[in-house]
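Single-letter residue listing:
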Amino acid sequence: MAALVVVGSQWGDEGKGKIVDLLAKDADVIVRYQGGSNAGHTVITNKGTFIFHLIPSGILYRGKVCVLGNGVVIDPGGLIGELDHLQTQGITFGKRFVISHRAHLIMPYHKAIDKAAEQAKGARRIGTTGRGIGPAYVDKMARIGIRMGDLLNPDLFRQKVQENLVEINAFLKHIHNADGFTVDLIAKEYEAYGERLRPYIADVSVALDRAMSKKQRILFEGAQGTHLDVDFGTYPFVTSSSACAGGACTGSGVGPTKIDAVLGVTKAYTTRVGGGPFVTELQDEIGQMLMTRGHEYGSTTGRARRCGWLDSVLLRHAVRTNGLTSLAITKLDVLDGAKELKICTGYRYQGKLYKEMPADLEVLQGCEPVYERWAGWATDTTGLRAYKALPMAAKRYLRRIEELTGCPMDMISTGSKREDTIVLRNPLTTSRKR
Ligand code: GDP
Ligand code: IMO
Ligand code: MG
């Protein structure tokens with residue numbers, strides 16, 4: 001196996017960080033390919049708790065190369081803050097950190113526009129992380145983006161910022177009644193970032209090709225999740241990048257024929273942060289219980305996550321759009337003690353049954369969940385590492401997820417720590433026939 005993509009199959013926060021950290025032990029290179037510091041990936045080891053926003057979750061193992069691909073939008077100040085913080089925790093980088101020359105930069109005006117646009121939307125707001133993600137991708141597609149490589153050429157960088165500020169300052173002032181920016185301040189700040197990040201900037205596509213020709217294993221770490229994908233998510237309540245597995249290719253410069261497998265990280269229930277439809281959302285004491293037991297607060301913004309039952313309609317959409325080859329089911333322990341569990345198997349809208357995710361937001365917003373009921377278990381599953389130790393009801397619940405998705409599970413996570421995992425099959429070191 002040369003290349004495995006790990007993606008979120010719901011609305012993010014499925015536990016990708018934990019799973020990627022675990023798999024990174026057997027990988028040589030770990031690559032982030034989309035999103036930016038809107039991501040918050042938590043890894044807990046005996047050295048402490050680490051929350052990664054931009055740096056791949058494999059960085060904790062010595063000698064592994066960590067890469068930010070062209071598809072990532074990078075806030076250089078935030079990235080340097082993250083590097084510095086990790087250095088205080090004893091982690092060194094040297095030649096094992098690489099940033100794509102082609103990755104776009106998040107500029108201070110992107111964050112200002114993100115916040116102003118959200119405020120202007122009022123009740124229709126998306127509930128973004130305010131990290132400037134959407135506006136940075138807008139500039140990329142409008143072909144006025146400024147890239148990592150531009151940081152290495154201060155004169156060109158300054159010229160590009162100056163050109164952009166003409167429209168951006170007018171937009172902020174006249175549309176949003178907000179303050180504008182000056183080229184001098186931005187150029188000074190970003191010149192310093194350029195000097196600091198210069199040693200890491202390289203051609204990622206070439207670097208990954210070299211790694212693969214040496215038979216190294218590449219692990220792609222998705223951020224967000226399938227239903228936040230700009231094309232296949234619950235548009236417009238999505239993020240602005242390709243969070244599905246296809247993004248691993250366009251966001252790193254590795255061709256699709258090089259990808260061997262795609263692992264979908266799936267929480268044993270469902271959560272969502274921010275606005276947008278959520279058919280299985282529970283606004284009752286069960287939802288509250290999931291939030292409390294699962295510590296469901298955003299790792300980036302600290303906002304409470306909305307909680308609900310597992311939704312197999314969402315999961316089937318994720319299996320199809322990502323070509324998932326297997327699942328890693330996380331946070332099973334959070335369901336311990338629940339008398340009864342529900343799994344959504346379809347949606348009902350105006351008397352019609354939907355087995356697949358409706359593309360139309362209005363339909364989706366009006367859908368009612370169709371549930372099947374499963375017995376819960378009273379046993380504590382926290383930290384279990386052997387499948388046979390699981391209570392029978394938990395095994396039935398897990399097998400039903402496999403049946404409904406048509407996708408086999410490779411891993412079951414029973415706690416937040418690295419070791420709290422049942423590994424049925426390592427998807428990076430063994431291949432599954434497709
Ligand atoms: P990510 O964005 O997909 O990496 O997920 P986050 O790190 O934002 O959120 C997942 C949270 O659940 C983190 O706090 C993890 O430490 C925690 N977590 C991961 N797996 C498990 C698990 O199996 N059980 C429990 N109780 N917590 C888990
Ligand atoms: P990880 O990688 C959960 C959500 C935001 C908002 C929407 C758009 O930790 O799973 P954005 O700032 O991206 O423009 O916000 O997407 N969102 C996430 N929700 N986990 C994430 O990342 C998220 N990244 C963005 O809450 O609803
Ligand atoms: Mg997260």
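Quick caveat, the model's predicted, so the values are computed rather than measured.

### Let's talk about helix α4 (residues 133-141)
Thought 1: Residues of α4 that are buried include every one of Ile133, Gly134, Pro135, Ala136, Tyr137 and Asp139, and no others.
Thought 2: Buried residues in α4 make contact with β6 (73-74), β8 (104-105), α3 (108-121) and α5 (154-175).
Thought 3: Downstream of α4 by a residue or two, Arg143 has a phi angle that is positive, lying close to 65°.

### Focus on the coordination of the magnesium ion (ligand 3)
Thought 1: The coordination sphere of the magnesium ion (ligand 3) contains the protein donors Asp13 (OD) and Gly40 (O), at a distance range of 2.0 to 2.2 Å. Of the two residues, Asp13 is situated in the loop between β1 (3-8) and α1 (16-24) and Gly40 in the loop between β2 (29-32) and β3 (41-45); the sequence distance between them amounts to 27 residues.

### Considering the site of ligand 1
Thought 1: Lining the immediate surroundings of ligand 1 are 19 residues, of which Lys16, Thr42, Ser299, Asp333 and Ser413 lie closest.
Thought 2: Glu14 is positioned such that a nitrogen or oxygen atom in its backbone is 3.1 Å from an oxygen atom of ligand 1.
Thought 3: Contact between ligand 1 and Thr42: an oxygen atom at 2.7 Å from a side-chain N or O atom of the residue.
Thought 4: Protein chains shield 91% of the accessible area of ligand 1, which is 580 Å² for the free molecule.
Thought 5: When residues of the shell around ligand 1 are traced back to their parent elements, those giving at least two are α1 and β3.
Thought 6: Within the shell around ligand 1, the residues separate by chemical class into two nonpolar, 10 polar and seven charged.

### A short note on the nonpolar core
Thought 1: In this structure, Leu79 and Phe97 are the most contacted members of the largest nonpolar core, which totals 56 residues.
Thought 2: Two domains each provide a minimum of three residues to this core, namely domain 1 (3-101 + 203-423) and domain 2 (104-199).
Thought 3: Phe97 has contacts with Ile55, Pro56, Cys66, Leu68, Leu79, Leu83 and Tyr200, leaving out every residue within four places of it along the chain.
Thought 4: In terms of nonpolar packing, the next biggest core, distinct from the first, is built from 53 residues, Ile218, Ala318, Ile329 and Leu341 among them.

### Considering the sheet that holds strand β9 (residues 201-202)
Hydrogen bonds along the backbone pair up the strands of a sheet, which may run parallel or antiparallel.
Thought 1: Read across the open sheet, the 10 strands follow the order β9-β7-β5-β2-β10-β1-β11-β15-β19-β20; overall the sheet is mixed. The open sheet has two free edges, formed respectively by β9 and β20 (421-423), since each of these has just one partner strand.
Thought 2: Where β1 and strand β11 (residues 261-267) come together, five bridges link them in parallel fashion. What sits directly across from Val6, in β11, is Leu263.

### A few points about the site of ligand 2
Thought 1: Close contacts around ligand 2 come from 20 residues, with Asp13, Lys16, His41, Thr129 and Thr239 the closest.
Thought 2: Contact with the protein chains hides 97% of the accessible area of ligand 2, taken as 560 Å² for the molecule alone.
Thought 3: Split into classes, the residues belonging to the shell around ligand 2 amount to seven nonpolar, 10 polar and three charged.
Thought 4: Mapping the shell around ligand 2 onto the domain boundaries places at least three of its residues in each of domain 1 (3-101 + 203-423) and domain 2 (104-199).

### Points about the state of the cysteines
Thought 1: Considering all chains together, one arrives at zero disulfides under this definition.
Thought 2: Of all cysteine sulfurs, the one in Cys249 lies closest to Cys66, which takes part in no disulfide; the gap is 19 Å.
Thought 3: Looking at Cys344, it has no disulfide partner, and the nearest cysteine sulfur is the one in Cys367, 9.0 Å off.
Thought 4: Its relative accessible area of 0% is what places Cys344 among the buried residues.

### Notes on unusual backbone geometry
Leaving glycine out, the prevailing phi sign among residues is negative, and the prevailing peptide bond configuration is trans.
Thought 1: Each neighbour pair has its own omega, and for Tyr235 with Pro236 the value is 5°, a cis peptide bond.
Thought 2: Of note, Pro236 is situated in the loop between β10 (218-221) and α8 (246-250).
Thought 3: Within the chain, Gln224 stands out as a residue other than glycine whose phi angle is a positive 55°.
Thought 4: Judged by its relative accessible area of 8%, Gln224 falls in the buried class.
Thought 5: We note that Lys331 has phi near 60°; this positive angle belongs to a residue other than glycine.
Thought 6: In this structure, Lys331 sits in the loop between β15 (326-330) and β16 (340-349).

### Considerations on the packing of α3 against α5
Thought 1: Orientation of α3 relative to α5, taken along the N-to-C sense of each, is 25°, at an axis distance of 11 Å. On the basis of the axis angle, α3 is roughly parallel to α5. Viewed along their axes, α3 and α5 form a crossing whose handedness is left-handed. Residues Tyr109, Ala112 and Ile113 of α3 form the contact with α5, whose participating residues are Asn164, Leu165, Ile168, Phe171 and Leu172.
Thought 2: For the contact of α3 with α5, the residue count by class is seven nonpolar, one polar and no charged.

### Remarks on the pairing of strand β4 (residues 48-52)
Thought 1: Pairing between β3 and β4: five bridges, direction antiparallel. Residue pairing for β4: Ile44 is matched across the bridge by Thr49.

The rules behind each value
- Along each chain, residues carry numbers from 1 onward, in the same order as the chain's sequence is written.
- Following the order in which they are written, the chains are lettered starting with A and the ligands numbered starting with 1.
- Only residues with pLDDT of at least 70 are given local features in this predicted model, and only at 80 or more are side-chain atom pairs given and counted; all residues enter the totals for whole chains, interfaces and linings.
- Side-chain metrics in this entry use all non-hydrogen atoms of the structure; hydrogen atoms and water are not considered.
- Working definition: with a 1.4 Å probe on protein chains only, accessible area under 20% of the residue-type maximum means buried, over 50% means exposed, and in between means partly exposed.
- Under the DSSP-based scheme used, a helix requires at least four consecutive residues in state H or I and a strand at least two consecutive residues in state E, with every element numbered from the N terminus.
- Only heavy atoms enter the contact rule, under which two residues are in contact if any of them lie within 4.5 Å.
- Sodium, potassium and calcium take a 3.2 Å donor cutoff, other metals 2.8 Å, and in both cases only N, O and S atoms count; water is not among them, so sites may look incomplete.
- Any residue with a heavy atom lying within 4 Å of a molecule or strand is counted as near it.
- Identification of polar contacts relies on pairs of N or O atoms within 3.5 Å, with a donor-acceptor requirement for protein atoms, meaning one able to donate a hydrogen and the other able to accept it, and with residues adjacent in sequence counted only if both atoms are side-chain atoms.
- To measure how exposed things are, a 1.4 Å probe is used in the Shrake-Rupley method; for residues, cover is taken only from the protein chains shown.
- The classification used treats Ala, Val, Leu, Ile, Met, Phe, Trp, Tyr, Cys and Pro as nonpolar, Asp, Glu, Lys and Arg as charged, and all other residues, Gly among them, as polar.
- For our purposes a nonpolar core is just a set of buried Ala, Val, Leu, Ile, Met, Phe, Trp, Tyr and Cys residues, chained together by side-chain atoms within 4.5 Å.
- Where each domain starts and ends comes from a domain assignment, either automatic or drawn from a database.
- Strand pairing is assigned whenever DSSP detects at least two bridges linking the two strands.
- Here, the term disulfide refers to a pair of cysteine sulfur atoms separated by no more than 2.5 Å.
- The angle between two axes is taken between their N-to-C directions and runs from 0 to 180 degrees, where each axis is a line fitted to C-alpha atoms and a helix contributes only its stretch in contact.
- To sort the angles, those under 35 degrees are grouped as roughly parallel, those over 145 as roughly antiparallel, those from 65 to 115 as roughly perpendicular, and the leftovers as oblique.
- Here a crossing is taken to be left-handed if its near helix is turned anticlockwise relative to the far helix by less than a right angle, and right-handed if that turn runs clockwise.

Take it as geometry only, folks, not as evidence of what the structure does.
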